[in-house]
Amino acid sequence: MSIRHPGYRWPSLTLLGLCLGYAITTVLALPHLFTLPMLGLWLALAWGFRWGAPKQARAPDRVWPWSLFP
């Protein structure tokens with residue numbers, strides 16, 4: 001199964017949000033309970049900016065990479 005599978009989008013973003021929230025609460029000496037609101041903010045940003053969503057519905061056309069040009 002490929003990592004581009006859409007089922008991995010939200011669990012990956014949730015894990016990143018939890019890690020980010022934990023890091024922020026540790027550095028700022030806040031109670032670790034504030035990790036959850038930061039996770040919510042992170043997931044809201046991910047949903048708003050469509051992070052991890054496919055850019056297009058169909059597969060892109062086959063293109064030649066620029067590294068093969070020279």
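For the structure itself, consult the block above.
Residues numbered from 1 in each chain as written. Predicted model: local features only at pLDDT ≥ 70, side-chain atom pairs only at ≥ 80, totals over all residues. Heavy atoms only, no water.

Caption draft 1: Here's a closer look at the overall build of the protein chain. For the protein chain, the count of helices and strands is two helices and zero strands. For the protein chain, with 70 residues in total, the buried portion stands at 11%. Expressed as a percentage of contacts within the protein chain between residues at least 6 apart in sequence, the contacts between residues at least 24 apart total 44%. Accessible surface for the protein chain amounts to roughly 6,400 Å². Of this, 72% is attributable to carbon and sulfur atoms. (Helix = DSSP H or I, 4+ residues; strand = E, 2+ residues; numbered from the N terminus. Buried < 20%, exposed > 50% of the residue type's maximum accessible area, 1.4 Å probe, protein only. Contact = heavy atoms within 4.5 Å. Areas by Shrake-Rupley, 256 points an atom, 1.4 Å probe, with all protein chains shown as cover.)

Caption draft 2: Region of interest: the side chain of Arg9. Relative to the helices and strands, Arg9 resides in helix α1 (residues 9-27). Apart from the residues within four sequence positions on either side, Arg9 is in contact with Ala46, Arg50, Trp51, Gly52 and Ala53.

Caption draft 3: Highlighting the packing of aromatic side chains. Under the criterion given, the structure shown has two aromatic pairs. Ring plane angle 55° and centroid distance 5.1 Å describe the contact between Trp42 and Trp51, whose orientation is recorded as tilted. Taking the centre distance of 5.9 Å and the plane angle of 15° together, the rings of Phe49 and Trp51 count as stacked. Exposure remark for Phe49: the relative accessible area of 58% places this residue in the exposed category. Members of the aromatic cluster, connected to one another through ring pairs, are Trp42, Phe49 and Trp51. (Phe/Tyr/Trp six-rings, centres within 6.5 Å; stacked < 30°, edge-to-face > 60°.)

Caption draft 4: Representation of α1 in the model. Helix length check: α1 (19 residues) gives 27 Å between terminal C-alpha atoms against 27 Å at 1.5 Å per residue, within 8%. Taken residue by residue, α1 has Arg9, Leu13, Gly17, Gly21 and Thr25 as its buried positions. Around the axis of α1, the buried residues are gathered within 110° of arc, so they sit on the same side. Turned more than 90 degrees away from the buried face of α1 sit Pro11, Leu15, Leu16 and Val27, all of them exposed. Trailing α1 by a residue or two, Ala29 shows a phi angle of about 55°, which is positive. (Expected span 1.5 Å × (residues − 1). Arc of directions from axis to C-beta.)

Caption draft 5: Expanded view of the packing of α1 against helix α2 (residues 35-49). Between α1 and α2, whose axes approach to 8 Å, the crossing angle comes to 135°. As judged from the angle between their axes, α1 and α2 are oblique. In this structure, α1 crosses over α2, and the sense of that crossing is right-handed. The residues of α2 that touch α1, namely those facing Arg9, Trp10, Leu13, Thr14, Leu16, Gly17, Leu18, Leu20, Gly21, Tyr22, Ile24 and Thr25, are Thr35, Met38, Leu39, Trp42, Leu43, Ala46 and Trp47. (Axes fitted to C-alpha atoms, helices over the stretch in contact; angles between N-to-C directions. Parallel < 35°, antiparallel > 145°, perpendicular 65-115°, else oblique. Left-handed = near helix turned anticlockwise from the far one by under 90°.)

Caption draft 6: Fine view of the side chain of Thr35. Its place among the elements puts Thr35 in helix α2. Separated by 2.9 Å, the side chain of Thr35 and the backbone oxygen of His32 make a polar contact. Residues contacting Thr35, with those up to four places away along its chain left out, are Leu18, Gly21, Tyr22 and Thr25. (Polar contact = N/O pair within 3.5 Å; in protein donor to acceptor, adjacent residues only side chain to side chain.)

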